[in-house]
Amino acid sequence: MTPTPAKRALPSKESSLFRELLNLYETRQLKKGQKTADQILKKFPEHGETLCMKGLILTHMGKREEGLELVKKGVRLDLTSHIVWHVFGLIQKGEKNYEEALKSYTQALRFDKVGFACGLLFQDVGYLSSSHERPDSNSLENMNILRDAAHLQTQLRLYDGLVDTRFLLLKLRPNLRQNWIGLALAYHLNGNLAESRRVLEQYERSLKNVPDYDPEQSDLLLYHVKILEDMGELAEALTLLDVNAKSRAIVDRVTVMETRARLLSRQGPGVEAEQAWRALIQCNPDNTNYYYGFFSSKNIDPGAVTDGDRSSTLRLLQDLSMQNPRTFTPERLELLVVSAEGFRPLANGYLLRGLKKGVPSLFVDLKPLYQDTQKRAILEELVDGYRRALEEGRLPDESPNDVVEEPESDVPTTYLWTLYFLAQHFSHIGQHSRALSLLSSAIAHTPTLPELHTLRGRLLKRLGDLRGASVAVNEARLLDGQDRFLNTKSAKYKLRAGLIEEASDTLGLFTKKDAVSPGADLEEMQSLLYLIEEGNAHRRQGKLHLALKKYHAVRKIFEEFEDDQYDFHGYSLRKFTINIYLNLLSWEDRLWSHPAYIHCAISASQIYVQLFDNPSCARDILSTGKKSVLDNPNKTMFRHAGLSTEEEKKAKKRAKKAQQKQEEQKKAAAATAAASTNEDKGLDLTPQKDDDPDGIKLLTSPEPLERAWKLLSPLLRLSISNIHVWISVYDVAVRRGKYLQAVRALKRAKVLDADHPELHVRTLHLRKLYESLPTSPSSPVGAIVTSALDSLITREMTLEAYNGQYLQRHSDNASAVLGAARGLQILGSPRDEIEGVVLGTLNPEVDLSLKTALDVWSFLKDISSPRADEFRLACDENFDLSTVFKTPDQLAVMNSQQQGTLLKAQDVDD
Amino acid sequence: MTSSKKALSTKVSFASLTQNNLGTVRKLNSVLFPIKYSEKFYSEILLPEVEDFCKLSVCQYILSRLPEKPIALAVYYNDIPVGTICCRIETKDSINHLYLLTMGVLAPYRSLGIGSYTLDVILRAAATHTKPKIGRIYLHVQVSNDSAKQFYERHGFRESGIDEGYYKKITPSGAWVLERDIQPLESEQQD
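Residues numbered from 1 in each chain as written. Chains lettered and ligands numbered in written order. Predicted model: local features only at pLDDT ≥ 70, side-chain atom pairs only at ≥ 80, totals over all residues. Heavy atoms only, no water.

**Q** Even after reading the chapter, I still don't get the overall build of chain A, so can you show me in this structure?
**A** Tallying secondary structure elements over chain A gives 46 helices and zero strands in all. Per-residue burial for chain A yields a buried fraction of 48% across its 910 residues. Put simply, of all contacts in chain A between residues at least 6 apart along the chain, 63% involve residues at least 24 apart. Entry remark: accessible area of chain A is about 44,800 Å², with carbon and sulfur atoms responsible for 52%. (Helix = DSSP H or I, 4+ residues; strand = E, 2+ residues; numbered from the N terminus. Buried < 20%, exposed > 50% of the residue type's maximum accessible area, 1.4 Å probe, protein only. Contact = heavy atoms within 4.5 Å. Areas by Shrake-Rupley, 256 points an atom, 1.4 Å probe, with all protein chains shown as cover.)

Okay, here's the thing in structure tokens:
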């Protein structure tokens, strides 16, 4: 035992006060604790442990800054006390600073003298200092530190260390069941399945008197089976499963059946596996996976049936269909399996059943079959045939051997759903005007079906009429005001059309009434859809600060998702919910690859790159932002309507109201804070007041690239298959002078799509830039970059020739043509040459999509091309239903016309 | 006939009107009737007293608790809104009248028995209604609309007179007044 340092030792009175202080903290009597600490500090103002405890208590009382100050001072005064390090770790954990917290915990354990050295001697060591005898709380305290450390190690995925910590915990307290499971899990997570299994087996042997039907034991046994399965010990896994399922030790019957079927299938095709899957189909005939499992036991993949297996597969499906008459699933699989020759009668039955029943999702259900063009043609023929028959007053299924069993058929609704199907079909294959005209007849037939109006909105959106689309979807919403889906859709379409205020009003119908604004409530509810769509809408209108604000809010939500798992490292062990916990961990590992995060990381880093390349742009936005409300309402093409003075007033009123509300809330919060100072506010960092509500600070940040990099960095370690991520990584890295990161990003992109136009542009850019560098990067990096660059683009060819070849190879692909034009721009070609290339996208043999046309147009404007308007006019003609190529004046005329008709419609007859 | 009626009752359902499906009623009225109804009309059929209206099965119960406020129902066929019916209770000459304000079914869904079925529901509800007792049901039909008149006559209505100049903004402006006495019934009876 090491002697207590002199400055830590306290006289007996103070030492008992300190014990009391610890007790008071444990029982959260914060005010009393603070007083006790002050009592000690009066005599010993330099006592580090007391200072730390006081700091901890103050933090709990909501005085974070002051508390942190004291804790830091305490640590400095007594660097070898485990108490101060433990306190410091607690505070850091509350700030979600897991790395630092873990370091503090490690220190705490180190100075706990015996901690790692001889784990079993704790009982003999005084906990607080060697002068106090507290054997029980001593080991308890150590357990707590170790357990917290284990949670931090799991959070940080430091599985080597986790195994050590869990091992020590088990050694200290082998009688606690969760310590066994903790160790097994730690081995498992660290990839050591064999050890994990050994721990589990030992644990199970030591168990006595397990109650019957114990759900905890059940989940544990399933976990054991899973470990065996992952090890490939299928026979043992099966035995363990069967024995425990029979004795009802595993209570989850469905999981038993599914695991059993899976294990048998993995052992190879056979009768046993087949029976297991058959039993599952009986349980739930609507689960497609069971059918796939069933066929795998016969060595058949329904998605890729060989001609030899086709007829037997169909027969089996028909049998299954007979046995389960209420389900559609086997019939749907038949449509997939059957060859085009035999498709018609089966499709006929399936379609009629769906159309008569009025299944709105019928088209979406059948769309995957369109990969087979023959099947697609047959579907079109059949459904168009029904339409003609119904229009001629016949029933759609007048086949000779069918006696009309139902005299009163659902003719009108069948006709309606037929039109709905056909409209989706023709829109899908690009015949938009035909789709629209079918949809108009459907709406004339039954104007009260919301699906028709939302589909009309979708068609108009595809055609580029965003304003018309939002009107159509809003009509659907008005038909059913309590439908949240329609409400959200309508708001989304308004945001797409640039109607941000209107969208907010619509969303407000469903958000909390006492929220500061609908947007604030949706942000609190973590609505990714809303944040992204509104961010995009602001971005299109050039309000980059507001866009950044929304994108950063998305980032914050994902940080919360990541933090949320922390509590489960302890909870899941206590509750023995192991299998679901493992799912959670692997979900968290893939968290940042969520499409919503990827979208916002890309968009925000594009804005930051834009701000870096053109620093004056932030100033421009801020100065026009103030002016635009007054005199420049039609600044961007997506912006259709400026704020009229009346709307402006309304907006001001709204802002004022929101402010009032905020102030009220603040007052209320202050009042409650004053009422009870003893209230425990916890250690978690409470969100601070937003001091940048409009994102001005984000916009004017001096280091836009660092911010962009921070957004992109969580994506680097994941295998992201979205090529635009790597393009963005390149854009940011190359501007930060990180050539190795840049070239790596391009190599990742090349694996995904070697001919992607964005990649082509970047490759040229890097080559050009790298050659013009005054000094190439130092030796190891330089050599790697050079060789990687050579693998991306051959050195034997001039860049001009390389670009020319690319253009030739993809001359009928509009976005590739645009890529080649941007290549020319990088190579410094004259503007008229670039224009010549890019206007080639208008050639009839080039497939120019609306989106690419918009890209081309904005590129032409970027290079200040005099031919931009020529291009715009051509597109306005090509995309005749779109409104995005109209001039602001044309749009203003269209809007006033639209409003005129709306007013007329409201003309009321009393 | 009975079997087809049974089939119909599984396909037709009713919903009372709320702020939330008012858009559907507006849409239906805009295509069903030559008249544009005022905001007053829509606010009346939404009065809080009728807020808890819901389905056909509880329709009679609702009627029995009904104050002198309109009853309004949306009619669904295979879960698609295809028609509406609105009425209110009036007291004339110390007899309680049920006045049928509007009733209509979208064109493609006519001749399927939906209108008759809906009217039957209202008539039966009126007959079993006690507080107050309904003595008579009446309505207006534009004098050019023979088929509508025939429809109501098939359901036991008879012409009691003509209201000249009833419609202000459409021609012909005259309207037949059709009415039918209601025999109070304790139990269900065929009419």
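**Q** Explain the overall build of chain B here, please?
**A** In terms of helices and strands, chain B carries six helices and seven strands. When the helices and strands of chain B are read in sequence order from the N terminus, they spell out α-β-α-α-α-β-β-β-α-β-α-β-β. Per-residue burial over chain B gives 50% buried out of 191 residues. For chain B, contacts bridging at least 24 residues in sequence account for 62% of all contacts bridging at least 6. As displayed, chain B has an accessible area near 9,600 Å², and 49% of this comes from carbon and sulfur atoms.

**Q** Would you mind showing me how to read the pattern of salt bridges here?
**A** Pairing between side chains of opposite charge can happen when the charged atoms of each approach one another. All names here are of chain A. Tallied over the full model, the rule gives 53 salt bridges over all chains. Glutamate 236 is the partner of arginine 197 in a salt bridge, and the nearest nitrogen-oxygen pair spans 2.4 Å. Here glutamate 236 lies in helix α12 (residues 234–246) and arginine 197 lies in helix α10 (residues 193–206), a separation of 39 residues in the sequence. Classification of arginine 197 as buried rests on a relative accessible area of 15%. Note on glutamate 236: relative accessible area 36%, which makes it partly exposed. Look at the salt bridges and you will find they share partners, linking Arg197, Glu201, Glu233 and Glu236 into a network. (Salt bridge = Lys/Arg side-chain N within 4 Å of Asp/Glu carboxyl O.)

**Q** Mind showing me how you'd approach helix α36 (residues 704–716) of chain A here?
**A** Working note: α-helix, 3.6 residues per turn, so residues spaced by three or four point in the same direction. Residue and element names in this part refer to chain A. Compared with the 18 Å implied by 1.5 Å per residue over 13 residues, the 19 Å span of α36 between its first and last C-alpha is a close match. The largest bend along α36 reaches roughly 30° and is located at lysine 710, with the proline proline 714 sitting one to four residues downstream. Where α36 is buried, its residues contact α29 (544–564), α32 (595–613), α37 (723–735) and α38 (739–752). (Expected span 1.5 Å × (residues − 1). Bend = angle between axes of the 7 residues up to and from the residue.)

**Q** Just checking my understanding: could you explain the pairing of strand β3 (residues 80–92) of chain B for this structure?
**A** Consecutive side chains of a regular strand alternate in pointing toward one face of the sheet and then the other. All names here are of chain B. Summarising burial for β3: ten of the 13 residues are buried, a large majority. Examined bridge by bridge, β3 and strand β4 (residues 95–105) share ten bridges and lie antiparallel to one another. Looking at β4, one finds that cysteine 87 is bridged to leucine 100. Turn length for the β3-β4 hairpin, with the two strands adjacent in sequence and antiparallel, is two residues, and the turn residue aspartate 93 shows positive phi of about 50°. (Pairing = 2+ DSSP bridges.)

**Q** What's the story with the packing of aromatic side chains in this structure? I'm lost.
**A** The geometry of an aromatic ring pair comes down to the distance between the two centres and the angle between the two planes. Residues and elements named next belong to chain A. If you walk through the whole model with that rule in mind, you get 25 aromatic pairs over all chains. The interplanar angle of 85° and the centroid separation of 6.0 Å between the aromatic rings of phenylalanine 568 and tyrosine 571 together place this pair among those described as edge-to-face. On the criterion of helical spacing, the pair formed by phenylalanine 568 and tyrosine 571 is a turn pair, its members being three residues apart in helix α30 (residues 566–575). On the basis of relative accessibility, which here comes to 35%, the residue phenylalanine 568 falls in the partly exposed class. Positioned over the ring face of phenylalanine 328 is arginine 353, at 3.9 Å from the centre of the ring. (Phe/Tyr/Trp six-rings, centres within 6.5 Å; stacked < 30°, edge-to-face > 60°. Lys NZ or Arg CZ within 6 Å of the ring centre and 35° of its normal.)

**Q** Which parts of the structure should I look at to understand the packing of α37(A) against helix α39 (residues 757–772) of chain A?
**A** When two helices pack together, their arrangement is given by the angle between the helix axes and the distance between those axes. Residues and elements named next belong to chain A. Relative orientation of the contacting elements α37 and α39 amounts to 20°, with a least axis distance of 10 Å. Accordingly, the angle class assigned to the pair α37 and α39 is roughly parallel. Crossing of α37 against α39: the hand is left-handed. Of α39, the residues touching α37 (which contributes His724, Ile727, Tyr730, Asp731 and Val734) are Glu758, Leu759, Arg762, His765, Leu766 and Leu769. Counted by class, the contact of α37 with α39 contains six nonpolar, two polar and three charged residues. (Axes fitted to C-alpha atoms, helices over the stretch in contact; angles between N-to-C directions. Parallel < 35°, antiparallel > 145°, perpendicular 65-115°, else oblique. Left-handed = near helix turned anticlockwise from the far one by under 90°. Nonpolar A, V, L, I, M, F, W, Y, C, P; charged D, E, K, R; others polar.)

**Q** Just checking my understanding: could you explain the environment of A:Arg315 for this structure?
**A** Checked against the element boundaries, A:Arg315 lands in helix α16 (residues 307–323). A sequence separation of 19 residues divides A:Arg315 from A:Glu334, and the C-alpha atoms of the two residues are 9.2 Å apart.

**Q** Could you clarify how one ought to interpret the state of the cysteines in this entry?
**A** A covalent bond between the sulfur atoms of two cysteines is referred to as a disulfide. For the structure shown, the criterion picks out zero disulfides over all chains. Just so you know, A:Cys600 is unpaired, no disulfide at all, and the nearest cysteine sulfur is the one on A:Cys617, 19 Å from it. Note on B:Cys87: no disulfide assigned, nearest cysteine sulfur contributed by B:Cys86 at a separation of 7.4 Å. (Disulfide = S-S within 2.5 Å.)

**Q** Any chance you could explain the nonpolar core here in plain terms?
**A** Generally speaking, nonpolar side chains in soluble globular proteins are found buried as a group. Counting 129 residues, the largest nonpolar core has A:Leu351, A:Leu366, A:Phe421, B:Ile114 and B:Tyr152 as its most contacted members. Considering every element that reaches this core, the biggest residue donor is helix α21 (residues 411–428) of chain A, with nine residues. Among residues more than four places away in sequence, those in contact with A:Leu351 are A:Leu362, A:Leu366, A:Leu379, A:Leu382, A:Val383, A:Tyr386 and A:Phe421. Within the second largest apolar cluster, 74 residues are counted, among which are A:Ile557, A:Val725, A:Leu740 and A:Leu764. (Core = buried A, V, L, I, M, F, W, Y, C linked by side-chain atoms within 4.5 Å.)

**Q** Got a minute to help me understand helix α15 (residues 288–296) of chain A in this structure?
**A** Residues and elements named next belong to chain A. All buried positions along α15 are accounted for by Tyr290, Tyr291, Gly293, Phe294 and Phe295. In this structure, the buried side of α15 is in contact with α13 (253–267), α14 (271–283), α16 and α17 (329–337). Two or three places before asparagine 289, at the start of α15, stands the capping residue asparagine 287, its side-chain oxygen 2.9 Å from that residue's backbone nitrogen. (Polar contact = N/O pair within 3.5 Å; in protein donor to acceptor, adjacent residues only side chain to side chain.)

**Q** Just to check I follow, could you spell out the side chain of A:His224 for this structure?
**A** Counting through the fold element by element, A:His224 comes out in helix α11 (residues 215–231). Under the relative-accessibility criterion, A:His224 is labelled buried at 3%.

**Q** Got a minute to help me understand the packing of α13(A) against α14(A) in this structure?
**A** Residues and elements named next belong to chain A. Here α13 crosses α14 at 150°, and the two axes come no closer than 8 Å. As far as their axial angle goes, α14 and α13 are roughly antiparallel. In this structure, α13 meets α14 at a crossing whose hand is left-handed. Residues Met257, Glu258, Arg260, Ala261, Arg262, Leu264 and Ser265 of α13 lie in contact with α14, whose contacting residues are Glu272, Ala273, Ala276, Trp277, Ala279, Leu280 and Cys283. The residue makeup of the contact of α13 with α14, split by class, is nine nonpolar, one polar and four charged.

**Q** Would you mind going over the confidence of the model for chain A with me for this structure?
**A** A low pLDDT means the predicted coordinates there should not be read in detail. Taken over all residues, the pLDDT of chain A has a mean of 87, while the share at 70 or more is 88%. Of the regions scoring below 50 in pLDDT, residues 906–910 of chain A engages in eleven contacts with residues more than four places distant in sequence or in other chains. (pLDDT = per-residue confidence, 0-100.)

**Q** Please explain a negative patch on the surface as it appears in this structure.
**A** Residues and elements named next belong to chain A. Taken together, Glu523, Glu524, Glu560, Asp564 and Asp567 make up a surface patch of like negative charges. Where the negative patch is concerned, the elements lending two or more residues are α27 (518–524) and α29. Here aspartate 567 shows up in helix α30. Taking the relative accessible area as the measure of exposure, aspartate 567 reaches 58% and is therefore exposed. (Patch = residues over 30% accessible without salt bridge, like charges linked within 9 Å, V, L, I, M, F, W, Y side chains within 5 Å. Lys, Arg positive; Asp, Glu negative; His and termini not counted. Charge placed at Lys NZ, Arg CZ, Asp CG, Glu CD.)

**Q** I tried to follow unusual backbone geometry on my own but got confused; where do I start?
**A** With an omega dihedral of -10°, the bond running from B:Thr171 to B:Pro172 counts as a cis peptide bond. Within the secondary structure, B:Pro172 sits in the loop between β6 (158–163) and β7 (175–181). Phi is positive for A:Asn209, close to 55°, though the residue is something other than glycine. With respect to the secondary-structure elements, A:Asn209 resides in the loop between α10 and α11. The class of A:Asn209 is exposed, set by a relative accessible area of 77%.

**Q** I tried to follow the confidence of the model for chain B on my own but got confused; where do I start?
**A** Residue and element names in this part refer to chain B. Per-chain confidence: chain B averages 76 in pLDDT, with 77% of residues scoring 70 or above. Between residues 48–69, whose pLDDT stays under 50, and residues either more than four places distant or in other chains, the model counts 46 contacts. Across residues 187–191 the pLDDT falls below 50, and counting only partners more than four positions away or on other chains, this stretch makes five contacts in the model. For this predicted complex, the interface confidence reaches an ipTM of 0.85, while the overall pTM sits at 0.86.

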